[in-house]
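Now for the letters of each chain:
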Amino acid sequence: LINQINPISFNIYYSRLDEKMILVVPKAQINLRAGYLRNEPLSSLPDSISVIGPKSILDSLKYIETVPFKAKDVFETFSKKVNLKSIPNLKFGSEQVTLKLSISRYSEKEFILPIKIVNLPSGVRVKLFPPNAKVRVTMPVSILNNVKVSDFSLEVDYNTTKTDNIKELNLYMHRQPPGVKQIIWEPTHVNYLIRK
């Protein structure tokens, strides 16, 4: 028989539990070897996880970070399991995710491209100064040697000459081969002479 309870009362704290899918954000510092670039951004598999916890916390939670991960001199595609950064009062559906990064060896190549004029009316001739542009592309070595001048289309638009006081035409790349990481052309605009 219990005659006395001490303390007479005590508080019980509770809250309603909820479940929500939360985005995973990799916290990684990856340094690549010279000449190598990422084919795509670092990804997390899965990219979001189920989290159970108080609704008040879940409502304000936008993402979950992984624990910090560092890698140096990376030169090949890799995958690495990393833990998620724990958060008090929350339970994760999984404590780990797999970070994946696709990497290729890249190189540069230069091309001399003719500049095409689009929207040119019948009977009108336009002379460009200069008529060609130098284009420098960065691409994976595995496909760079198969790229040709005809894979590109560098253009100016005749319709822009109708705007008053336009003395130069801007160049834009209308077509380029897939896999290009970076592309730079010079000049970026050209002078023109209209002959009717």
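Notes on the structure follow.

1. Remarks on the side chain of T138
Of note, T138 is situated in strand β13 (residues 132-140). By relative accessible area, T138 is classed as buried at 9%. Residue contacts for T138: discarding those within four places in its chain leaves L37, Y106, S107, E108, G179, V180, K181 and Q182.

2. Focus on the sheet that holds strand β9 (residues 91-92)
One open sheet accounts for 4 strands, arranged β6-β1-β5-β9; its pairing is mixed. Either end of the sheet is taken by a strand with one partner, and the two such strands are β6 (63-65) and β9. Sheet topology note: the strand β1 (residues 17-25)/β6 ladder contains 3 bridges and is parallel. From the neighbouring strand, L23 faces β6, where its bridge partner is Y63.

3. Focus on the packing of aromatic side chains
All told, the structure shown has 3 aromatic pairs when counted by the stated rule. Where Y36 meets F75, the ring centres are 6.3 Å apart and the plane angle is 65 degrees; that geometry is what we call edge-to-face. With Y36 in strand β3 (residues 36-38) and F75 in the loop between β7 (69-74) and β8 (78-83), this residue pair connects regions lying 39 residues apart in the sequence. Residue Y36 is classed as buried on the basis of its relative accessible area of 18%. The exposure class assigned to F75 is partly exposed, which follows from its relative accessible area of 34%. Between F69 and F78 the ring centres are 6.3 Å apart and the planes differ by 35 degrees, which places this aromatic pair in the tilted class. The buried category is assigned to F69, whose relative accessible area is 13%. Accessibility expressed as a relative area gives 18% for F78, which makes it buried. Geometry around F75 places R33 over its ring, the cationic atom sitting 3.9 Å from the centre.

4. A word on the pattern of salt bridges
As enumerated under the stated definition, the model contains 5 salt bridges in all. For R33, the salt bridge is made with D73, and the minimal N-O distance between the two is 2.9 Å. Here the residue R33 occupies a position in the loop between β2 (28-32) and β3, and D73 occupies one in strand β7, the gap between them amounting to 40 residues. For R33, a relative accessible area of 32% gives the class partly exposed. Note that K55 and D59 form a salt bridge whose closest N and O atoms lie 3.0 Å from each other.

Procedures and definitions
Along each chain, numbering runs from 1 in the same order as the chain's sequence is written. In view of the model being predicted, local features appear only for residues whose pLDDT reaches at least 70, and side-chain atom pairs are presented and counted only at 80 or more, with totals across whole chains, interfaces and linings using the full set of residues. Each side-chain value is derived from all of the structure's non-hydrogen atoms; neither hydrogens nor water enter the calculation. Numbering of helices and strands runs from the N terminus; a helix is a DSSP stretch of H or I covering at least four residues, while a strand is a stretch of E covering at least two. Relative accessibility under 20% of the residue-type maximum defines a buried residue, over 50% an exposed one, and the middle range a partly exposed one, all with a 1.4 Å probe and only protein chains included. Whether two residues are in contact is decided by their heavy atoms: any pair within 4.5 Å suffices. At least two DSSP bridges between two strands are needed for those strands to be called paired. Planes of paired rings set the category: under 30 degrees apart is stacked, over 60 is edge-to-face and the rest tilted, where pairs are Phe, Tyr or Trp rings (Trp by its six-membered ring) whose centres lie within 6.5 Å. Over a ring means this: the NZ of a Lys or the CZ of an Arg is within 6 Å of the ring centre and within 35 degrees of the ring normal. A side-chain nitrogen of Lys or Arg and a carboxyl oxygen of Asp or Glu constitute a salt bridge if their distance falls within 4 Å.

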